[in-house]
Amino acid sequence: MAKEKTVFFCQNCGFESSKWMGQCPGCRSWNSFVEEKVRKTAAAGRPDGRVRSCSAPVSLAEVDALGETRTKTGIREMDRVLGGGIVGGSLILIGGDPGIGKSTLLLQVCRQLSLDGKRVLYISGEESRHQIKMRADRIGEMPGSLRLFCETSIEVIRETVERDKPEVIVIDSIQTMYADSISSAPGSVSQVREATAALMMIAKGLGITVFIVGHVTKDGSVAGPRVLEHMVDTVLYFEGDRHASYRILRGVKNRFGSTDEIGVFEMRSDGLVEVGNPSEYMLSGRPENVPGSVVSCSVEGTRPVLVEIQALVSKTAFGYPRRTAAGVDVNRVNLLLAVLEKRGGVDLSSYDAYVNIAGGIRMNEPAVDLGIVLALVSCHKNIPVPADCAVFGEVGLSGEIRAVRSADQRVAELKKLGFAKIIMPLANKNKAGKASEDTGTVYVSDIAEAVRALSDKVRP
């Protein structure tokens, strides 16, 4: 007979304890334990109590290296992030803020797969059939092979999947699913872990691709135990400002592809629309010949993306200057300000500094360092940067401008969009390709040269 007892789970790693502890022994995080009531059932096994063995170890040399078969989703930006399409039997987790468009994106994926003849089952635990139908009508006509199932019991879902044998399943969302063997409420650590384990067995055992929608916490991570992200094959985050029209799909884990790619979408009344040229989209409406505005080039995976870096420098009204950043790490901005003052001879110790990536996009690549520095200098010295000038390069603590990867792709993208003047690292001169061999390219080796180039060589 099942017995119910109270246990404590770590929300980060799922460590189980019979009492509350301040620090988790598993992941060393503080104040991460939550109390839950669980009902333990007898574990299945052999009558003699020994563990059932179904396979034996084999030599790695004897294993056949079979390439995975990918299926196109019909949405190029989604396929780019997934590494070329979905893989049969994979478990894919998609997280994002409420209302960002996770359900809309997956419903569009289901529609495209159904149009290609795939058997798709959309399982919703949060919305009714009528709510999903209203969203589907905005997207477009849905094919008959797309089936809808509103259920939260993982046991009922397993029976339905084994009976109907769909090729793709969508679970919206994992926090609403529950297993009868666990007495705690849906969304708890034990329920999320048990439901994900059951879905993983379905995906691997039947070769079905499973998409899981996950809620996020205030800090932006997927709610529930951290082990949830370790169990799945792919983790995607849907990012963007709810007040802006664009959305970014970013991969943070992918066992079948790269995690450097991003997909760019625009939210419209009829659903999400792919943005084929993110650079042109991000630079639309950019002011020209305004101090503090600089265009830089970042590479996300294999795609160069041009962004506008805005900086505002003003005299501080207090004894301690304020530093604010949006779209970049504020600690990185403080570091660049220190390098600019020490190595570049620009004193900003009594000035407030504000840095923003226009459009709300977030960039973490070091290649935008030089763009941030020159945007600050441009505003401080009131030197407008020409509209046809762009910069990229990593800034080191000694003031050197370090080489960045894919310099030839960056230069080619800038030339294609009409940028005639480029400030780039001298270390990339031999790897920038023929596109940079003209009088409009300025090579700099340190931050002082970059400041002089901004003042002398690239002024309008």
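In what follows, the structure referred to is the one given above.
Conventions used here
- Residues numbered from 1 in each chain as written.
- Predicted model: local features only at pLDDT ≥ 70, side-chain atom pairs only at ≥ 80, totals over all residues.
- Heavy atoms only, no water.
- Phe/Tyr/Trp six-rings, centres within 6.5 Å; stacked < 30°, edge-to-face > 60°.
- Helix = DSSP H or I, 4+ residues; strand = E, 2+ residues; numbered from the N terminus.
- Buried < 20%, exposed > 50% of the residue type's maximum accessible area, 1.4 Å probe, protein only.
- Lys NZ or Arg CZ within 6 Å of the ring centre and 35° of its normal.
- Contact = heavy atoms within 4.5 Å.
- Axes fitted to C-alpha atoms, helices over the stretch in contact; angles between N-to-C directions.
- Parallel < 35°, antiparallel > 145°, perpendicular 65-115°, else oblique.
- Nonpolar A, V, L, I, M, F, W, Y, C, P; charged D, E, K, R; others polar.
- Core = buried A, V, L, I, M, F, W, Y, C linked by side-chain atoms within 4.5 Å.
- Pairing = 2+ DSSP bridges.
- Salt bridge = Lys/Arg side-chain N within 4 Å of Asp/Glu carboxyl O.
- Polar contact = N/O pair within 3.5 Å; in protein donor to acceptor, adjacent residues only side chain to side chain.
- Right-handed = clockwise from strand over helix to strand, strands pointing away.
- Left-handed = near helix turned anticlockwise from the far one by under 90°.

**So, the packing of aromatic side chains**
Each aromatic ring pair is specified by the distance between its two centres and by the angle formed by the two planes. All told, the structure shown has one aromatic pair when counted by the stated rule. Their ring planes at 70 degrees and their centres at 6.1 Å tell us that Phe-238 and Phe-265 sit as a pair that is edge-to-face. Of this pair, Phe-238 sits in strand S11 (residues 234–239) while Phe-265 sits in strand S13 (residues 262–268); the two residues are 27 residues apart in sequence, bridging distant segments of the chain. Neither residue differs from the other here; Phe-238 and Phe-265 are each classed as buried. Here Lys-315 stacks its cationic end above the ring of Tyr-351, 4.8 Å away from the centre of that ring. One Lys or Arg, Arg-410, reaches over the ring of Phe-392 and ends 5.7 Å from the middle of that ring.

**Focus on the environment of Ser-103**
Relative to the assigned elements, Ser-103 resides in helix H2 (residues 102–115). With sequence-adjacent residues up to four places away left out, Ser-103 is seen in contact with Tyr-122, Arg-135 and Asp-172.

**Regarding the packing of helix H4 (residues 154–164) against helix H5 (residues 189–206)**
In contact at an axis separation of 10 Å, H4 and H5 are set at 10 degrees when each is read in the N-to-C sense. Between H4 and H5, the crossing angle belongs to the class labelled roughly parallel. Where H4 abuts H5, its residues Ile-154, Arg-158, Val-161 and Glu-162 lie against Ala-195, Ala-198, Leu-199, Ile-202 and Leu-206. Class assignment for the residues of the contact of H4 with H5 results in seven nonpolar, no polar and two charged.

**Things to note about the nonpolar core**
In this structure, Leu-340, Leu-370, Leu-376 and Ile-423 are the most contacted members of the largest nonpolar core, which totals 47 residues. The greatest single-element share of this core, amounting to eight residues, is contributed by helix H9 (residues 369–380). With residues near it in sequence (within four places) discarded, Leu-376 still touches Ala-311, Val-313, Leu-337, Leu-340, Ala-353 and Val-355. Formed by 29 residues, the second largest nonpolar core is a distinct cluster that contains Ile-92, Val-109, Val-120 and Ala-136.

**Some remarks on the sheet that holds strand S9 (residues 168–172)**
Ordered by their spatial adjacency, nine strands build an open sheet running S8-S7-S9-S10-S6-S11-S12-S13-S14, and the pairing between neighbours is mixed. Of all the strands in the sheet, just strand S8 (146–150) and strand S14 (271–274) have a single pairing partner and so form its edges. The average angle at which neighbouring strand axes cross in this sheet is 25 degrees, direction not considered. Sheet topology note: the S13/S14 ladder contains four bridges and is antiparallel. Bridge pairing in S14 links Glu-266 to Val-273. Running at roughly 160 degrees to strand S7 (residues 120–124), H2 makes contact with strand S6 (91–96), S7, S8, S9, strand S10 (209–214), S11, strand S12 (246–254), S13 and S14 of the sheet. Packed onto the sheet, H4 meets S7, S8 and S9 and runs at close to 160 degrees relative to S8.

**Quick word on the pattern of salt bridges**
On inspection of all chains with the given rule, the structure shows 17 salt bridges. The salt bridge involving Arg-250 is made with Glu-300; its shortest N-O contact spans 3.5 Å. Here Glu-300 lies in strand S15 (residues 293–300) and Arg-250 lies in strand S12, a separation of 50 residues in the sequence. Here Glu-300 falls in the buried class, since its relative accessible area comes to 9%. Here Arg-332 makes a salt bridge to Asp-369, at a shortest N to O gap of 2.2 Å.

**Looking at the side chain of Ser-114**
Note that Ser-114 resides in helix H2. Classification of Ser-114 by relative accessible area gives buried; the value is 4%. A polar atom in the side chain of Ser-114 sits 2.8 Å from the backbone oxygen of Cys-110. In this structure, Ser-114 is in contact with Val-120, Pro-143, Ser-145 and Leu-146, ignoring residues within four places of it in sequence.

**Some points on the sheet that holds strand S17 (residues 323–326)**
The seven strands are arranged S17-S18-S16-S15-S19-S22-S23 in an open sheet whose pairing can be described as mixed. In this open sheet, the two strands that pair with only one neighbour each are S17 and strand S23 (441–444). Taken pair by pair, the neighbouring strands of this sheet meet at an average axis angle of 25 degrees, ignoring direction. Pairing of strand S22 (residues 421–425) with S23, which is carried by four bridges, proceeds in the parallel orientation.

**Looking at the pairing of S7**
Most of S7 is tucked away: five of the five residues are buried. Judged by which residues are buried, S7 turns out to be covered on both faces: Val-120, Tyr-122 and Ser-124 on one side and Leu-121 and Ile-123 on the other are all buried. Of the pairings in the sheet, the one linking S7 to S8 comprises five bridges and is parallel in character. Bridge pairing in S8 links Ile-123 to Phe-149. With helix H3 (residues 129–139) bridging S7 and the parallel S8, this β-α-β connection has right-handed handedness. The pairing of S7 with S9 spans five bridges and is classified as parallel. Bridge assignment links Val-120 to a residue of S9, and that residue is Val-168.

**Concerning the packing of H9 against helix H11 (residues 447–456)**
Contact pair H9 / H11: the axes reach a minimum separation of 10 Å and the direction vectors enclose 50 degrees. Here H9 lies oblique to H11, going by the angle between them. When the axes of H9 and H11 are compared, the crossing they make is right-handed. The segment H9 lies against H11, with Leu-370, Val-373, Leu-374, Val-377 and Ser-378 engaging Ile-447, Ala-450, Val-451 and Leu-454. Grouping the amino acids of the contact of H9 with H11 by side-chain chemistry returns eight nonpolar, one polar and no charged.

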